[in-house]
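Overview (structure and organization)
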Amino acid sequence: MNAASSPVKQKKFNGSLPLLALLLGGTLAVLCHEGFRPYEVFWANDLPLGALAASSNRLPGAFFACWTDYYWIGGPGIVSLNLSNICMGLFSPAYHLKFYAPGTMFFLGFSAWFFFRQLRFAPAVCILGGLAAGLNMHFFSNACWGLGQWNVCCAMIFIALGILASPGIRSLWLKAVLAGFSTGMAVMEGFDVGAIMSVYVGVFVAFTYLTMEGKPSLRAGRTLLAGGLVVLAAVLISLSTIFTLVLTQIKGTGADESGQVTQQTDEQRTMRWQFITQWSIPKLETLRVIVPGLFGYRMQEFTTSTNKAGAYWGKIAEDPHIQGLESGDAGERSHAAAELGLPKGAQDAAASGDPRTRQNLLEAVKPQLQRRHTGNGEYAGIMVCLLAAFGLANSWRKAGSDCSPEERRAVWFWGGAALFSLLAAWGRYGFVYRLVYAMPFLTNIRSPMKFMHPLNISLIILAGYGMEMLHRRCLSAPAEPPGSLFKHWRKWWQKAGGFEVKWIFASGLAVAAAVAGFFIVRSSEPAIVNYLEHNGFTADLAPQIARFCDGEIGMFAAFLAVSAAVLDIILSGAWAGRRANLAWGLLGVIIICDLARSDIPWIRYYNYKEKLSPNPVVEYLREKPWEHRVVSRISPVGTAYDLGGTNQENINFGGLCHWWLENDYPYHDIESLEIDQAPRMPTIDSAYIGNFTGNSPTNPNPAIRLWQLTNTRYIFGDSQLTPALNFLGVPRDSFRTIMNVSIVPKVDYSQVQDGGDLTVKSNSQGTLALIEFTRALPRAKLCANWQVMNETNALRTLISPAFDPEKSVLVDQGTPVSQAPGPMGADAGKVEITRYAPTDLILHADARTPAVLLLNDHTGDYWNVWLDQKPAPILRCNYIMQGVFVPAGTHTVEFRYQPPRKLLYVSLAAFAAAILLGGYAMAARFMERPGSEPPLKTPKPKPK
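Residues numbered from 1 in each chain as written. Predicted model: local features only at pLDDT ≥ 70, side-chain atom pairs only at ≥ 80, totals over all residues. Heavy atoms only, no water.

**Focus on the overall build of the protein chain**
Cut-off, in case you're wondering: To qualify as a helix, a DSSP run of H or I must reach at least 4 residues; to qualify as a strand, a run of E must reach at least 2; elements of each kind are numbered from the N terminus. In this setup the radius of gyration rests on C-alpha atoms only. A globule is expected at 2.2 Å times the number of residues raised to 0.38. Between buried and exposed lies partly exposed: a residue is buried under 20% and exposed over 50% of the maximum accessible area for its type, with that area taken using a 1.4 Å probe on protein chains only. What makes two residues a contact is simply this: any of their non-hydrogen atoms within 4.5 Å. We get accessible surface area from the Shrake-Rupley algorithm with a probe of 1.4 Å; when it comes to residues, only the shown protein chains can shield them. Charged residues are defined here as Lys and Arg on the positive side and Asp and Glu on the negative side; His and the ends of the chain fall outside this count. To locate a charge, take NZ of a lysine, CZ of an arginine, CG of an aspartate or CD of a glutamate.
Helix and strand content of the protein chain: 34 helices and 20 strands. In terms of overall size, the protein chain behaves like a compact globule, its C-alpha atoms giving a radius of gyration of 31 Å where 944 residues would be expected to give roughly 30 Å. Its C-alpha atoms put the protein chain at 105 × 65 × 55 Å along the principal axes. The 944 residues of the protein chain split such that 56% are buried. Contacts spanning at least 24 positions in sequence make up 77% of the contacts within the protein chain whose residues lie at least 6 apart. Surface summary for the protein chain: the accessible area is close to 39700 Å², and the carbon and sulfur share equals 62%. Between the centroid of the 81 positive side chains of the protein chain and the centroid of its 70 negative side chains there is a distance of 12 Å.

**Digging into the sheet that holds strand β20 (residues 889-897)**
Quick note on the threshold: Here, any two strands with at least 2 DSSP bridges between them count as paired. Between N-to-C directions, angles span 0 to 180 degrees; the directions come from axes that are lines fitted to C-alpha atoms, helices contributing only their stretch in contact.
One open sheet holds the 5 strands; their spatial order is β13-β14-β20-β16-β17, and the pairing between them is antiparallel. Edge positions in the sheet fall to β13 (829-837) and β17 (870-872), since each of these pairs with one other strand and no more. Ignoring which end each strand starts from, the neighbouring axes of this sheet average 25 degrees apart. Of the strand pairs in this sheet, strand β16 (residues 863-867) and β20 are connected by 5 bridges, and their pairing is antiparallel. Within β20, the position partnered with Leu 867 by the bridge is Val 893.

**Here we look at the nonpolar core**
Going by this rule: By convention a nonpolar core is built from buried Ala, Val, Leu, Ile, Met, Phe, Trp, Tyr and Cys residues, the set being connected through side-chain atoms within 4.5 Å.
The biggest cluster of nonpolar side chains holds 218 residues, and the ones touching the most others in it are Trp 414, Tyr 465, Ile 570, Trp 584, Val 617, Trp 660 and Phe 716. Sorting elements by how many residues they give to this core places helix α25 (residues 541-571) first, with 16 residues. Ile 715, Leu 810, Val 817 and Met 881 belong to the second largest nonpolar core, which has 39 residues in total.

**Details of the pattern of salt bridges**
Which entries qualify depends on this criterion: A pairing counts as a salt bridge when a side-chain nitrogen of Lys or Arg comes within 4 Å of a carboxyl oxygen of Asp or Glu.
This structure, assessed with the given rule, holds 26 salt bridges. A salt bridge links Arg 713 to Glu 772; its shortest N-O distance comes to 3.4 Å. Remark: Glu 772 occurs in strand β9 (residues 768-773) and Arg 713 occurs in strand β6 (residues 712-718); sequence separation between them is 59 residues. Sharing partners across several salt bridges, the network here consists of Arg 604, Lys 611, Asp 754 and Asp 757.

**A word on helix α31 (residues 701-709)**
Summarising burial for α31: 8 of the 9 residues are buried, a large majority. All of the buried residues in α31 are Pro 702, Ala 703, Ile 704, Arg 705, Leu 706, Trp 707, Gln 708 and Leu 709. In the segment just after α31, Asn 711 is the residue with positive phi, at about 60 degrees.

**Quick notes on the packing of aromatic side chains**
Which entries qualify depends on this criterion: Aromatic contacts are taken between Phe, Tyr and Trp rings whose centres are within 6.5 Å, Trp giving its six-membered ring; a plane angle under 30 degrees counts as stacked, one over 60 as edge-to-face, and the others as tilted.
All chains considered together, the criterion is met by 49 aromatic pairs. Ring centres of Trp 626 and Tyr 836 lie 5.8 Å apart, and the angle between their planes is 10 degrees; this geometry places the pair in the stacked category. Of this pair, Trp 626 sits in the loop between α28 (616-621) and β5 (629-631) while Tyr 836 sits in strand β13, and the two are 210 residues apart along the sequence. Given the relative accessible area of 24%, Trp 626 is considered partly exposed. Residue class for Tyr 836 comes out buried when judged on its relative accessible area of 18%. An angle of 80 degrees between the planes, with centres 6.5 Å apart, marks the rings of Trp 707 and Phe 735 as edge-to-face.

**Topic: a nonpolar patch on the surface**
Heads up, the rule is: Only residues whose relative accessible area exceeds 30% and that take part in no salt bridge are eligible for patches, with like-charged residues grouped when within 9 Å of each other and nonpolar side chains (Val, Leu, Ile, Met, Phe, Trp, Tyr) grouped when within 5 Å.
Among the surface-exposed residues, Phe 36, Leu 90, Phe 91, Tyr 95 and Phe 99 lie close enough to one another that they form a single nonpolar patch of about 590 Å² accessible area. Along the polypeptide, Leu 90 turns up in helix α4 (residues 83-90). Relative accessible area serves as the criterion here: at 62%, Leu 90 is assigned to the exposed category.

What follows is the structure, given as structure tokens:
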């Protein structure tokens, strides 16, 4: 596919990379200028500063063993040996957050430039291709959401494709191995996104070598060899990451080795399908690819500006039950109501033929269901889409297409890839994802929207081909004598070919349709306002959103008109020869202005010194945080922080607690029982949590027993909880108030943007309190009495009122203790933690009798224990905790998390090999003698 190039042979050094660095780097620096201020960091939902600063994630130690202990009761973490984490280890968490998002965009732009450079496209095409990728809103919004590693993943895919297309690397094995290493690094960065993208690389390898010249057997042999080497190299370099992903995302989550979830009922399969496809693109929202703010930008709760008009109002991640309740089929409505567990009367109301009855039910039920949730946009750029369309249309020309047969097939390949990606991204709204879902391993890839990554890559590549075709036909031709643009256009129009005429008419129709769409939407504003008011937006905000939508369509029509006009003028040849720089300049200005203005709404910085300023509750909890856990929700996996007060009080309390959970707590290594995100919870955890359900205002005992067993010593909540828990809870009178506080803004309530702008101050009359649960088990204790039983009986016993966890411990029959237990409640002695690290704990035990040392941390594979520096069998205690048997006497006990390192060393060796082979390829390329490059094949000029 790289056989055809520009008519003029390019020099090795043409200055395009420095110019790209200047344009892209300068634009990103302007967009992200707040990062140059002291203490300002990116607000990143999926990469909060607290999590980066937590001791369990500190590098380089986390490369070898990562155990996340700052939420729940601990669990294996994922710290892959990739470029993102290497950078994280080189810089402080604050500096990493400052510049990681724009840095990933710069790297993505460079990788796109590299790909087009290997295709021998014109320098200006390489520059604009790099700008189109480096400012793409889809990738930029993901980086701002905290998913910059997805950008690095896609950058490595661009590099892999460039290596495969490079004429400078002539050795098939070297190409394949380097491309495989790059693909493997994409998997290490993007996980399931990398897995998706690696499939596209594999298909590209097959396409490249099967369409080459030569005998079919030779082509097939090259394809198998190249494909095998790509897969082998990719697996070798990502081996440790794949192992960790299997350990944390598949093993123990109910999936077998092939990734297929087994032993499911029809209802469970339906629920899993809904879970996997929750983040699907509704077909109508495909328009977001060309109209950036058609359905808004950020979610309103993540928009810091007081102007919320740009809030997202689409249906991505909407609970599927809402669609069922709004169905035109009465049976489907009734079935959706039944799935929600609504009573018979509500099911009858859902099936009712009376619209008012159904609407009342919807209004009552919808607040309990997620309406929408997204953290990214899908805009690819108007000029980029136009150029992609031009490249596709031009490739079908029978004559004068200015591309070789190899390039024509490449355009069709990327066109097919774009179409498939879009259909797959529709998820539950289309049929293609059901085919994808049926494939092995892919049942564990959540979110069909992840196929928007290959869609945007395909569009950028198609746009590059479109620019190159324009360059060859319209910009590299000899310049005509200077004259007025109007005269040139009229002269050209008289002899324009059929393709040019059709393109101009098509672009004109597109502009006319955009203008018509603007007026249609504007006239439909009352209907849009009514829809918004019935779908979660206030009567004040709904008209603002509708007007914002009008403005975005108007802006789209204006950019489309300008972009189409510039392309039409280029197509006429008015800016050929020396005036080509004007055309390239205009294309660059349009791409930069268009994409930059769509990137701005996603940028959000905050001052972490102010957001993480001290408060009395956090200061109290940060003292020896490994000795206790804290909770603010009844259930660790719940979503509600309910004080029982006014709505605003609940919002403030919930926002503050959630901010602390994601930032203040991990920043200070405070351990919380609450789980922030767990899309694939291990079955052992879900069974354990599910064992402590049935809480009610008059029966808090299931939650109290869970707090007791998990070393949850502190509860932050309503001050009235203390007398209520002492009266209703068992054991009685086990709670005492440590301090009363009130929620106050750090500045004033008019400036509150999120929970980080709220704090607490001591107040003896405050409605909130930090409450101590005095009967919570310590983090480590000695038990003279133990009971050996299976999992089922253990769960039943743990919740039983007859079981006293202070006097006995349950030991799983798979890890039994050979010695007979001592008497119930006997004094077994004392134990204290003398050194604590997430993956390495040392305890000093003074056992008066033979005892089980219970450590109230999550058990798991690769935890080992040493008793007096000698290996000892580790016990599974109280269904989910760790333990070890200790004889009477004084002992030093060490628990250590030690996942295997052999696979990490394999990845390290492959990483080093990738650097060496890449250096060799670059050295060989630059050491080539002039004239030693393969001759460029230029398409024969076609008569105009």
